[in-house]
Structures are given as structure tokens and as C-alpha cells.
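Secondary and tertiary structure notes
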Amino acid sequence: MTVALTPHQLLETHFGFREFLEGQEDVVNAIVEGHDALVIMPTGGGKSLCYQLPALALEGITVVISPLIALMKDQVDSLLEKKIPATFINSSLGQSEMNERIDAMVRGEYRLVYIAPERFKSERFVQALAPLSIALFAVDEAHCISQWGHDFRPDYIRLKWALKDLGQPQVMALTATATPEVREDIIEQLGLGKFGRQPPSVFVSGFARHNLTLGMTSAKGRAEKLARIVEFAHQLKTGIVYCATRKNVEKVAAHLKGEKIPCVAYHAGLTDDQRTKAQTKFMNGDCGVAVATNAFGMGIDRADLRFVIHYDIPGSIEAYYQEAGRAGRDGEPSRCEVLYNYADVRTQEFFIEGANPSRAVIANLYQVLRRLGSRGPIEMSIAEIAELVPATKNSMAVGSALYLLERANFIQREYRQGSRTYTTRLVDPIKPLDELPIDFVRLDKKHERDFAKLHRMIEYADHHGCRHHFILQYFGDTETGEGCTVCDNCLAKADSAARFPTDEETVAIQKALSCVARVDGRFGRGRIAQCLVGSRSKEVLDTGLDRLSTYGLLKDLGEDYVWGLLNTLIRTGCLAVSSGQYPTLSLTELGGDIMRKQQRIPMVLPEIKAKPRPSSRAKKVATTRRDEPADYDEKLFDALRAWRRDKATAMGNVPAYIIFPDRTLQELARVKPQSVAELLEVRGIGPAKARQFGKETLAMIKPFGKP
Ligand code: ADP
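The structure displayed is predicted, hence computed values, not measured ones. (Residues numbered from 1 in each chain as written. Predicted model: local features only at pLDDT ≥ 70, side-chain atom pairs only at ≥ 80, totals over all residues. Heavy atoms only, no water.)

Around the ligand, a shell composed of 15 residues is seen, among which Glu-19, Gln-24, Gly-44, Lys-47 and Ser-48 lie nearest. One of the backbone nitrogen or oxygen atoms of Glu-19 is found 2.8 Å away from a nitrogen atom of the ligand. Between the ligand and Gly-46, the relevant distance is 3.1 Å, taken from an oxygen atom to a main-chain nitrogen or oxygen of the residue. A total of 570 Å² of accessible area belongs to the ligand in isolation, and the protein chains cover 82% of it. (Near = heavy atom within 4 Å. Polar contact = N/O pair within 3.5 Å; in protein donor to acceptor, adjacent residues only side chain to side chain. Areas by Shrake-Rupley, 256 points an atom, 1.4 Å probe, with all protein chains shown as cover.)

Have a look at this one:
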């Protein structure tokens, strides 16, 4: 029985991690102690562990609500590999399979069950769950419940009724979106801390992303934007270009193809099949660039993206940072840039108008529907209905108004897949508009707030101070990014502030350079920084960086400083960065001279803060897993990737990372296991994977011999 183990022990035994990432431990403790919790961490911050670990400590089942069908299966597979009994229930299952899983749940065969929110539409489903002993109800992507959020999903609203039917179990909500309104809304809607439970704990952490260079480029027109994208794609190879509209996706993708830059296009106008293919191709690494609307992203877990460009200004900071945050999840330097042209703001304004129909539009639509519906069901597309509504040209607004009328139970709609039309029926008895439960005051407020969010985004684009600082403040993260040295504004300011280093700084520079010299060309900036601040992370220990004489030498200066210093040394030409997917650092001739104090040059140095906090961030970098062994056999790695691609195709075009993620392949190419026992030592390979792919993997590795 696992109950007796402490969270730390559970972390090591079941998940193989030695330390918690920033914020995780506090969350886990709060949950185990029985508090409801709202957890706000950016994408990649390690939210899943915050419920997966308590699931092992709590008595009863943990239900996880997730809107991402593809991700659910991945999560369940990875839990099963760790021998944690788990399953999922979503629309990809047939009725009998679903019933079997529900029965197994009731028999207590799982610790975690992932459920898609739309399942709760069915009363029968909710009733079937009623006998369960639910220990924890974890709602992932919880911002989807809030109409103030950027990704409102009506199915999430049902969760509060489901919770009631399930006896109000302990609830935890997780999201990367953290504006105060969304936060309050989640707490309110899910009833966190209500029903006799203690006040909810709210955790905000981990928004700082030191490895992202944030920037903005003013672009007058399309040609300038496209030129910038081509430049990025040539230079940085892997990334996402986000566009506001499908039309722009098509245009950008066509241009890139014309420039012989392979890319996939992704937007909601494509068929499911086309979208899955595009996503798989991108996730497999068969294609380096994706051009997409915001429909692309939730669940994109490709760690090696070196850039995210926004072709059009996004509608809010949270939407922006969530998308930009998909760059550099492996911890290596990556670039995020908004291509800014004020005229594009109009597109976002149009979206806001579309999402927030005025009272006049709703009233006019109401009249039209009453007229059309008096003769029976209305078989028309939204665009066709919109044609008949006076005072609007925005069919999106009509779509939103239809949705409001549906929620107010004035109409019922059924979507017909093939023809992409709805059958709309009026519900009796027909009431005057004023009597419908539509909260116009609230709608007006939302309209205003959406505009306010867009204006914050415009402020960000126009901002002359530190962009990291701006974003951290926005999210209420207490870290300060000021003077980050990795945003365009700080860099520009810094360029005019070059000076000779003080004695103290000279010593720090020598230490940093000699650390790089000792591992010349084998590690990237992230690992060097970890080494200098004395991280105890698994990756540092595994690679032996803790045994270097330079290990921990800059501990007192803190991780922020060390990142800034390494950036400075790169900019001044003391360190060279290799090209390729996993850039590594090496000492240049100039760097060697500076290290030996044979030369002094002016440079722009980060500020030494009086007393760095006992860096929780040092811990964060220290414990993140986003690394790759830098010293692997590239030929073997390529051979393994080719094998994996064929295998993924043979398995019915599954995403390649389901077989082994890149990280595991690199580890294999580094340690070159020769037996099943050695294979099981490799991170990411459990008994299930060893059984399934072990023989083939070992056969692939054998000709390459031992390292
Ligand atoms: P999120 O849901 O916040 O986007 P995930 O839960 O997917 O993030 O976690 C991101 C990555 O971090 C995963 O690869 C996960 O295995 C890794 N991770 C989570 N917790 C830890 C930890 N304590 N130590 C090292 N890596 C971790």
C-alpha cells in the first residue's frame, strides 16, 4: 500500500524524479491535507504531477477532467508504464468499452481516470459514477469554465452540476491562465472551498522563462512579415507561426512552401483527418515549422521548438504567453516575437465584437428566429441566418447570439456534420426577450473586459521596459524579470551601457568561462548555468557536472545573474554557440584571453542583486527535465529516429513520441545499452516499453558497440 510513503518518496519511487519542480511540493501537500486548490502554472510547469502524485496518496479514485483527447491517452500510457493503474473515458470509445471501464472504476481498479468534459452531458453517465468514492476531482485547463478566459468551453459549465451529483468531492483546478477575473470565476464556478470545506489554496508559480528572448518587430505589411518569418525559419529551424485567421495561415504556409521551407498548416477549417496528420507530422519531427491558428497548441508537447512567431497581434497577454511559451520547453534559448502592425488590431476587435453580440443583435436575431421557426425546424447555416439579421454583418456575432439563446433555452440546435448546418428548433413556450435568462449586464462587462485585455496586449507591444517583467506582473507572479537581458528592450538598453567589469564581476566571468572550458562543446547554456549555481538535479548528477571544480561556484549570485552573464559572454564573443538542434557552448580565443586575464573588454553586465533569494528558480532550472545528453552518438540517434518513424507508420501513424520521445532516443544513443537490463536503466523505458520495443532497439544499437 502506497499510503504510508511521503510525497517525496512517492515522487522518487513512482515518477523517478528526485526533486519537485517549483511550486509542486506546496500544491501536493495542500491536496493531501484536504484543501481545494487552484494551481496556476505555465505550460510545461509540471501541473500533471500535482494531481497524479496525490492520487497515489489519497484513498479513492482521482478523476481528471481534460479537454484534450490525444493528451489523455499519452498521460494514461505514461502512468501505466509507471505501474499506476489509470484509464480514460472519452468519445473515442464505443459504448461497451466505456461501460467496461466504468464497471472497472466502480470495482476500484484505477487510481486515476481521465474524463472528457462532454461526457457529463449524459445524465446516465453521471449516475453511473455516483457510487464511486472520488477522492479528488482535478479539472485541467480549468480556464475553459470561464467566459472571461480565452478558451471558454460550454461543456465545462456542466462540471459544477456533476460535482453536485457526485457529492461535492475535493476539487483542484489547474490552468496556465491567471488573470484575476478568470481566477475568481474558476473558484466561484467550481465551488472551491465551499460546501463546508476549508478556504481554497491558490498557487501561482513558474511563469518566468529565462530561456525565451521576447521581442516585437514593427512590420509595415505582409512582405516584411513574411521576410522575417523566412529569416527565423532558416536560422532557427523549428517553431510555430501563429496567425489570427485561417486565411493568413494559408497565405503564410504557401509562402514558406514557395521558399522551400517545409511546413504544416493547421486550423479549424481543416477536416479532423487533415489536422491529425499535420499535428503528427509536426510532433514526429518530420516537419520543423507549423503555421497555425490558436486551434493548434493545447497539448503540443514538442520540446525543441526554437521560435514562436505571432504573425498577427494576439487578443490577450494570456493567449500570447501560452502560445509563446511553447518555445524552448527543453530549456534551451529560444525566441518569441510578435510581428506588429497596428492595423492588425482591427482583426482582434472584430473577434471581440463577434464573441460579444450586442443586445440589439440578440433582439433582432430573436425576432428572425421567431418568424422562421413558426413554420417548423430551421435548416440553415449560421451565415444564412446572419444574412437575415438587421444591424450586423458579423456572422460570428450571430453565432455567439445563437449560442446565448440556446443556453437561455429559447432554441435547441443539432449540428449536422456533413452539411455543416444546424437544425434549429424553437422551444415552447416562447417568452418575451426580457424574460429569457440572459444577463445583459454581465455580457456588457465581458465585452469591456475583452477590450481591456486587448489593450494590455497592445501596451505590451508598445512597451519600452522589460518584457519579462511586464508579463510576470500581469500574471501576479512575484518573480521580477527586470533587467532580464533576454528581451529586445533590455538588450537594446544594455547595448548602450557597456563598461569594464569590476573586480568582483571579473572573478565571476572567469569562473563562468572556465566552467565552459572544462566541458568545451558538450553542454548548452541551461546545463552550464545549472552547474554554476550548483543544482542537484538528476540531469546534472547523471552527467557528472557536479564533479567539476567549477560546480556551484556562482551559487551566491543566483540563477538570474548566471543566465544574464552567459548571455553577455555570448554576445561579446567570449563564448560560441554551436548551431543545430541542441546548441552547445564553447570557449573562443577571446574568451580564453579574458579567462586568463590577458585582455579586458567593456561589456553589458547584469546587475548583481544585493542578496539573491535562496533561488527557488535555481531549483526550477535545477529540476527541470528539459535536457538532452549533449554527447550522444548522432549517427545512432539518426538511425533510431528513422526506425521510430517507420514503426510509427506501421503502428497506424501514431505520433512518434508515443514510441520513444527524442530525449529517450538521445539517451539510448549515449549509453548504448547492450542488454534488456541496461535498457531498463534508460530514462523513459519501463518494462512495458522494453517488452514492446526492446528487442528491436537493442538490435539497432548493437552494431554501434559500447560507448
Ligand atoms: P503542464 O501540464 O504544466 O504543461 P506537465 O505536467 O506536462 O506540464 O509537465 C511538464 C514536464 O515536466 C513533463 O515532461 C514532466 O515529466 C516533467 N516534470 C514534472 N514534474 C517533474 C519533476 N518533479 N522533475 C522533473 N521533471 C518533471
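Having seen it, we continue.
Looking now at the pattern of salt bridges. Taken as a whole and judged by the stated rule, the model has 29 salt bridges. In this structure, the salt-bridge partner of Lys-225 is Asp-344, at a minimum N-O distance of 2.5 Å. One end of the pair, Lys-225, is in helix 9 (residues 222-236); the other, Asp-344, is in the loop between strand 13 (334-340) and helix 13 (345-355), and 119 residues separate them in sequence. For Asp-344, a relative accessible area of 12% translates into the label buried. Of the charged contacts, one joins Arg-499 and Glu-505 as a salt bridge, the two residues approaching to 2.8 Å between their closest N and O atoms. By relative accessible area, Arg-499 is classed as partly exposed at 35%. Among the charged side chains, a network of salt bridges with common partners joins Arg-228, Glu-231, Arg-335 and Glu-337. (Salt bridge = Lys/Arg side-chain N within 4 Å of Asp/Glu carboxyl O. Helix = DSSP H or I, 4+ residues; strand = E, 2+ residues; numbered from the N terminus. Buried < 20%, exposed > 50% of the residue type's maximum accessible area, 1.4 Å probe, protein only.)

This paragraph deals with the pairing of strand 13. The element strand 13 is largely enclosed, with a buried count of six among its seven residues. As paired strands, strand 8 (residues 212-218) and strand 13 are joined by seven bridges and run parallel to one another. Across the sheet, the residue bridging to Met-216 is Val-338, located in strand 13. Sheet analysis places strand 12 (residues 307-310) next to strand 13, joined by four bridges and oriented parallel. Bridging across to strand 13, Phe-307 finds its partner in Arg-335. (Pairing = 2+ DSSP bridges.)

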